[in-house]
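Working through the structure, step by step
Okay, here's what each chain looks like letter by letter:
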Amino acid sequence: MTATDPQMRLLIIEDDRESADYLVKAFREVGYVADLASDGEEGLALADSGDYDVLVIDRMLPKRDGLSLIGTLREKGNRTPALILSALGQVDDRIKGLRAGGDDYLPKPYSFAELLARVEVLSRRHGGPAEETAYRVGDLELDRLSHRVARGKDELTLQPREFRLLEYLMKHAGQVVTRTMLLENVWDYHFDPQTNVIDVHISRLRSKIDKGFERPLLHTIRGAGYMIRDGIR
Amino acid sequence: MTAFGKLIRTTAFRLTLAYLFLFALFAASLLGYFAWNTRRMITEQITTTVNAEVGVISDIFGRRGLHGLIQTIENRALRPGANLYLVTTPEGRAIAGNVGSLAPGVMATSGWSETAYRRLDEQDNTDHRALVHVTELDNGFRLLVGRDLEERRRLFGIVAKAAQWSLLVVIVLGLGGGIFVARRVLRRIDAMTGTTQRIMAGDLSGRLPVGRSGDELDRLAENLNAMLERIEALMMGLKEVSDNIAHDLKTPLTRLRNRAEEALAKSGSEAEYRCALERTIEESDGLIRTFNALLMIARAESGQARGNMDDFDGADVANGIQELYEPLAEDDGMTLRVKTESTPLHGNRELISQALANLVENAIKYGKPLAAVQPLSAGSAAAANSKEILIEARRDGDQVLLSVTDHGPGIPASDRKHAVERFVRLEASRTQPGSGLGLSLASAVATLHGGELRLDDAHPGLSATLAIPAPAGVSDRLAAQTPDVSQKAA
């Protein structure tokens, strides 16, 4: 797993030394420039002055809590994407976090793969182009306006939900998207199904877009999720 | 605290004392007013009588001289119950009348005065009191006319005695009543205190005694009992959960630990280590899921999730869940159908979705028809039917029913209550993956919304229903509309 942009700058605001060090190390290993702040005030000062692509903010911090930090940043017009980490994993806590100006919310404990996938999607959103009307990965094309999907010369018929699933995957082509991200963004559910319900949807989609084609586009990333991409990087 | 000390500290007793004081004050002021007025009236009466007599006697003196005066005085003085009379010479010598002695200086001051006196014919040495009027006659002679104040004094005595007795009676009755009421109240309060102390000591099954009178103490006791009931239920739930957590979370934790230990012990290849680590992560993910489910249930049960409620259509939830799980059901050789009508709800959409998802997951996992009852002729209508799971959203009176029906083996009636409990996994499900929390969460979510989770026989199969009260006002509005039933086959 490598970051799409080696110059990606990340600020981690987390007071727990051990998890903070782990995060910094893990992000540096995948090619990020990762800075660390260990309390709310320091975090606010750094986030405000530095030019970061993504902020990873613990919800409960000494001196100034995570939500107030984001609120202050947003008031100052700083729109750096912020991901909130929290031990409070419930739906209304998540809503509170997003209302305070956070862009994503990840309950603890989380897997690094999940965090990385979400951070990459956020940073892309920050620096990337506006929503496009059509996506293209290899010879797979998706037109968001006419709802047309084609692979090469073959027109594909997708169910509405399959279309939205593919749309989300293609919007984040080349990036790992996790099952939870799919459940949240395609289905708008924030609970954790006990079964592999997302995998079944993916395999259906895969049978429509990859079956009978020489080169598969929809890949399973072990221990993380899925990625749509052309060829092997 | 002594028993008496406790008694006089009761509210009932203190109230009685306050009333007693007020009542005594009232009685005293009434008697006082009465006494004062009587005294005034008697004094007035005496004054009038004496004035009249002074007038008459002065007149006689004017007409018949000293001699006539003395005669009149002597006459009058001898009458039974006579007033007091005294005539003195300018030198101060008594020449007529029935007064033996007077307080010194009384004869010297003209006009009204109160004095001690003794009658001439009285042998005892007791002084009496009288109200007297002294008049100076023309030639230096002085005339005293007065009246004994005994009557006034006696009357005063009667009033004073009445006051004393009535006060005594009031105080005795008041204190007695106060102590009686206070003791009654205190006995009941003591009984309550005793029970609460037992409860505090750990016996949660204790209940306060409730009398039959339905008075304020009974009502209080009833309410406290209801509260204790709830606390006991919560405590039992908590205890059950902690027992279950201890049991059901220790098992996977032990597995996790053993696996890590085993991997450490034997020197394996990198691939083997990797495999062991992956399984460790898988296992801990399962544990996290279980914890999340437990937290969710706890939150739903404690009512904390009430904050995040809005209005939505139960039909959308049912359709959404059908859409999400339909491929999974199909992969398992089943069909997931949905049948909905507009069912407005007020609640936590996320929680209700999750509850319904849990029911559907259960139906997919456990709702497969038993091999024995499956007809041999594959493709027959019955066989296809028995592999169908139906999600339904409908209204029933003022309730919204979200149900999931399968045609599997079902749950025996005797096990249904049990099945909802946390971590309970019925015999049939032991071999399947899962935390045993699905139905508990569904039940907690239903309870949070003021409804319940019903498990019924689907002949054959299980029908699990979230029965949730429709928001107020909506049921009437909907009754007027024609139901729009949409059916969608998977």
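Residues numbered from 1 in each chain as written. Chains lettered and ligands numbered in written order. Predicted model: local features only at pLDDT ≥ 70, side-chain atom pairs only at ≥ 80, totals over all residues.

Attention now moves to the overall build of chain B. Tallying secondary structure elements over chain B gives 11 helices and 14 strands in all. For chain B, buried positions account for 26% of its 490 residues. Look at the contacts in chain B between residues 6 or more apart in sequence, and 63% of them connect residues 24 or more apart. (Helix = DSSP H or I, 4+ residues; strand = E, 2+ residues; numbered from the N terminus. Buried ≥ 20, exposed ≤ 12 C-beta atoms within 10 Å, placed from the backbone. Contact = placed C-beta atoms within 7 Å.)

Attention now moves to the packing of helix α8 (residues 197–209) of chain A against helix α6 (residues 314–331) of chain B. Relative to each other, α8 of chain A and α6 of chain B sit at 80°, their axes nearing to 8 Å. Overall, the two elements α8 of chain A and α6 of chain B adopt an arrangement that is roughly perpendicular. The residues of α6 of chain B that touch α8 of chain A, namely those facing V197, V200, H201 and R204 of chain A, are L324, Y325, P327, L328 and D331 of chain B. (Axes fitted to C-alpha atoms, helices over the stretch in contact; angles between N-to-C directions. Parallel < 35°, antiparallel > 145°, perpendicular 65-115°, else oblique.)

All names here are of chain A. The strand order across the open sheet built from five strands is β2-β1-β3-β4-β5, with neighbouring strands paired in parallel fashion. For this open sheet the edge positions go to β2 (33–37) and β5 (104–107), each flanked by a neighbour on one side alone. Taking the axes of each pair of neighbouring strands and ignoring which way they run, one obtains an average angle of 20° across the sheet. Looking at chain direction, strand β3 (residues 54–58) and strand β4 (residues 82–86) are connected through four bridges and run parallel. Paired with V56 across the strands is L83, a residue of β4. Each of β1 (9–13), β2 and β3 touches helix α1 (residues 17–29); the most contacted strand, β2, lies at about 165° to it. Those strands touched by helix α3 (residues 66–75) are β3 and β4, and its axis lies near 145° from that of β3. (Pairing = 2+ DSSP bridges.)

Let us look at the pairing of β1 of chain A. Residues and elements named next belong to chain A. With four of five residues buried, β1 lies mostly within the body of the structure. Pairing between β1 and β2: five bridges, direction parallel. If you follow R9 over to β2, its bridge partner there is V33. Regarding topology, α1 serves as the crossover connection from β1 to the parallel β2, and that connection is right-handed. Where β1 and β3 come together, four bridges link them in parallel fashion. Residue I12 lies in a different strand from β3, and its bridge partner there is V56. (Right-handed = clockwise from strand over helix to strand, strands pointing away.)

Let us look at the interface of chain A and chain B. Of the residues lining the interface, 20 residues belong to chain A; the matching set on chain B comes to 22 residues. Looking at the side of chain A that touches chain B element by element, the count peaks at four residues for α8 of chain A. For the side of chain A that touches chain B, a count of residues per class yields nine nonpolar, seven polar and four charged. (Nonpolar A, V, L, I, M, F, W, Y, C, P; charged D, E, K, R; others polar.)

So, on to the sheet that holds strand β3 (residues 99–102) of chain B. Residues and elements named next belong to chain B. Taken together, six strands build an open sheet; the order of strands is β2-β1-β6-β5-β4-β3 and the sheet is antiparallel. Because the sheet does not close on itself, it has two edges, and the strands there are β2 (94–97) and β3. Each neighbouring strand pair of the sheet contributes to a mean axis angle of 35°, computed without reference to strand direction. Here seven bridges tie strand β4 (residues 111–119) to strand β5 (residues 128–136), and the two strands are oriented antiparallel to one another. Within β5, the position partnered with Y117 by the bridge is H128. Packed on one face of the sheet, helix α2 (residues 11–78) meets β1 (84–88), β2, β5 and β6 (142–148) and runs near 140° to β6.

For the rest of this paragraph, the subject is the pairing of β2 of chain B. Residues and elements named next belong to chain B. Bridge count between β1 and β2: three bridges; the pairing is antiparallel. Residue pairing in the sheet places T88 in a bridge with A94 of β2. Where β1 folds back on β2, the antiparallel hairpin that results is connected by five residues, among which G92 adopts a positive phi of roughly 100°.

Next up on the list: the environment of S58 of chain B. Here S58 of chain B shows up in helix α2. Between the C-alpha atoms of S58 of chain B and L69 of chain B, which are 11 residues apart in sequence, the distance is 8.0 Å.

Moving on, we get to the confidence of the model for chain B. Mean pLDDT over chain B: 80, with 87% of residues reaching 70 or higher. Note on residues 427–431 of chain B: pLDDT under 50 across the span, and five contacts to partners over four residues away in sequence or across chains. (pLDDT = per-residue confidence, 0-100.)

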